Amino acid sequence: MNAAPAATRKAAATRLRADFPLLARNVHGKPLIYFDSANTAQKPAQVIEAVDRFYREFNANVARAVHQLGAEATSAYEGVRDKLARFVNAGSREEIVLTSGTTQAINLVAWSHALPNLKAGDSILVTTMEHHANIVPWQLACERSGAQLKVAPIDERGELIVERFIEALTPDVKLAAVTHVSNVLGTINPIAELARATRKRGIPLLVDGSQAAPHFKVDVRALGCDFYALTGHKLFGPTGTGALWARKELLRAMPPMFGGGEMIREVRFSGTTFADPPHRFEAGTPNIAGFVGLGAALDYLEVAGHESVTQHEQALLAHLQDSLRAVPGLRIFGQAAHKVPVVSFLIEGAHAHDLATLLDHEGIALRSGHHCAHPLMQFYGVPATLRASLAFYNTHEEIEHFVAALAKVRRLLA
Ligand code: PLP
C-alpha cells in the first residue's frame, strides 16, 4: 500500500471530520476534543439523517406486514445484512446474524454453540487482554458445564505470546476466543496466524472484532476464523446494533438462544420448528432504525476508504505516542509493533480519574478506569489507566492541545 502524501491525507481527514456535527460543539467553554472513540464513536450526519428519514418516511415493523411501509422497512433492514456481508467479505448473507452488539453476539456463540457441546474436562481458551464481554460469557458456560477457562498470556509490551497460545491448544480446548484489537492497549493480534493453528487442530476460533472494524478492513475469509463479532456503535453507527458472522455450517448446527416471533417456521402447542439461520437467532422486533443507521455508516466507511483512514490514523498514533513518550513520569501500557490509535497511560503521582476530570474541564473527553478489562489491569498491577482512543476524524492539532492540557492539569495536581 502506497502512503498518500501527508497534505493529501490531512485534506481528506478535514473533509471527513466536517461530516460529524457533534465534533463542532464546545464543552465547558472549550472546543471539544473527543478522544473516546473506543468507548463509542461519533456519528456522521449521513447516519443521523438515515435514522431520521426512517422514522419520518418508512417506519414499520419488518418481515410481518404486507403493506408498502412494511416492505420498505424490511428491504432496508435486510439490505443491511447484505452490506455487512460485503463489509466483512462473508461467503453469503445467511452467515450474518444481526445482534444488539458484540456482547450479544459472543453470548449467542457461548450459549448456542459452546454450551451444548461442553462437558467437564473441556476448556475454552481466551487471552489476558480480553474485554469482559469475551470472558464472562465463557465463564458462565464453563460454570454450567464443568469446563474450565484457560488463558493465553501476553508479554509486557502488550503482545500475545503466540507460541504460548499455540501450546495451549490442547485436545481439551473446544473453542478459542481472541480479540482482534485490544480496547486498552490498541494491540492488533495476528488473527490469521492464530486461525491457522486452531484450524489445524479442529478448534473453532471466535474473534471479537469490536475495536478492529472501525480502523481497518476486515476480511473474515482471509483471516480464516470461524466466528467474528462486531458492534455498530463503535463503527460510527447507532447503539444497540451489531452482528455475528459465522460459518454457515456452524450456524446450521446451533439451536436458537431466544424464542419468540420471527424465528420460527411453525408453532404448535405440541412443539415448534425453527427458521433457518440467520433468522433463527433473531427473535422479536429488532432495532430497525438503528440498523438503517448502521447501513448508512457502512456506506460512509466505504466512500471514506479504509486505506486512507488507516494511513491517517497511523500518523495520528505515531504523533500521539511520540508526544506522550516525551512527558516525564508518563508510562504507556501497550507498546505493540502493530497498533490502532488507542493509547493507555498513567502519570506518576496522579490518579487516572483526577486527570480525566481535569481534562474534561479543558474540553477533552477520554476514558479513565479499568475499561472492562480487569484481568489486564491485574496483569499490569494497576487499578485503572487513562485511555486516549482516536478515530479518523481526529487531528494533529488536537493531539498538540491534548499534550499541552496534560502538562497544565498535571501542574494543578502537583
Ligand atoms: N469487546 C471489546 C474489545 C470492546 O471494546 C467492547 C466495548 O467496549 C465490547 C466487546 C462490547 O461491545 P458492546 O457493548 O457494544 O456489545
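Calculation rules
Residues numbered from 1 in each chain as written. Predicted model: local features only at pLDDT ≥ 70, side-chain atom pairs only at ≥ 80, totals over all residues. Heavy atoms only, no water. Buried < 20%, exposed > 50% of the residue type's maximum accessible area, 1.4 Å probe, protein only. Helix = DSSP H or I, 4+ residues; strand = E, 2+ residues; numbered from the N terminus. Pairing = 2+ DSSP bridges. Domains from an automatic or database assignment. Contact = heavy atoms within 4.5 Å. Buried area = accessible area lost by both parts, 1.4 Å probe. Salt bridge = Lys/Arg side-chain N within 4 Å of Asp/Glu carboxyl O. Polar contact = N/O pair within 3.5 Å; in protein donor to acceptor, adjacent residues only side chain to side chain. Nonpolar A, V, L, I, M, F, W, Y, C, P; charged D, E, K, R; others polar. Axes fitted to C-alpha atoms, helices over the stretch in contact; angles between N-to-C directions.

**Digging into the pairing of strand β10 (residues 242-246)**
- Along β10, five of the five residues are buried, which leaves the element largely enclosed by surrounding structure.
- Burial along β10 is two-sided: G242, L244 and A246 and A243 and W245, pointing in opposite directions, are all buried.
- As defined by bridge partners, strand β4 (residues 96-99) adjoins β10 across four bridges and the pair is classed as antiparallel. Bridged to V97 within β10 is L244.
- In this sheet, β10 lies alongside strand β9 (residues 227-231) in antiparallel orientation, the contact comprising five bridges. Of the residues in β10, the one forming a bridge with Y228 is W245.

**Thoughts on the domain arrangement of the chain**
- Looking at the chain, the domain boundaries give domain 1 (6-31 + 305-413) and domain 2 (49-302).
- Averaged C-alpha coordinates put domain 1 and domain 2 at centres separated by 28 Å.
- Across the boundary between the two partners, domain 1 contributes 36 residues, which contact 30 residues of domain 2.
- Of all residues in domain 1, H306, V340 and L376 give up the largest surface area on contact with domain 2, accounting jointly for 23% of the area buried on that side.
- Our enumeration of links across domain 1 and domain 2 arrives at one salt bridge.
- Two residues, R331 and E156, come together in a salt bridge whose shortest N-O distance is 3.4 Å.
- Applying the counting rule to domain 1 against domain 2 returns 21 residue pairs in polar contact (both at pLDDT 80 or more).
- For the side of domain 1 that touches domain 2, the elements supplying multiple residues, two or more each, are α11 (306-325), β13 (330-333), β14 (342-347), α13 (374-380) and β17 (385-389).
- When its residues are assigned to classes, the side of domain 1 that touches domain 2 shows 20 nonpolar, eleven polar and five charged.

**A closer look at the sheet that holds β4**
- Spatial ordering of the open sheet is given by β4-β10-β9-β8-β7-β5-β6, a layout of seven strands whose pairing is mixed. Across the chains shown, the open sheet's two edge strands, defined by having one partner strand only, are β4 and β6 (148-152). For this sheet the average axis-to-axis angle between neighbouring strands, irrespective of direction, equals 20°.
- Where strand β8 (residues 205-208) and β9 come together, three bridges link them in parallel fashion. Within β9, the position partnered with L206 by the bridge is F227.
- Along the sheet, helix α5 (residues 136-145) contacts β5 (123-127), β6, β7 (173-179) and β8; its crossing angle with β6, the most-contacted strand, is approximately 145°.

**Topic: the sheet that holds β14**
- Within the open sheet, the four strands sit side by side as β13-β14-β17-β16. Their pairing is antiparallel. Pairing within the sheet leaves two strands with one partner each, and these edge strands are β13 and β16 (367-369). Taken pair by pair, the neighbouring strands of this sheet meet at an average axis angle of 30°, ignoring direction.
- Of the strand pairs in this sheet, β14 and β17 are connected by four bridges, and their pairing is antiparallel. Of the residues in β17, the one forming a bridge with V342 is S389.
- Helix-sheet contacts for α11 involve β13, β14 and β17, and the interaxial angle to β14 is about 10°.

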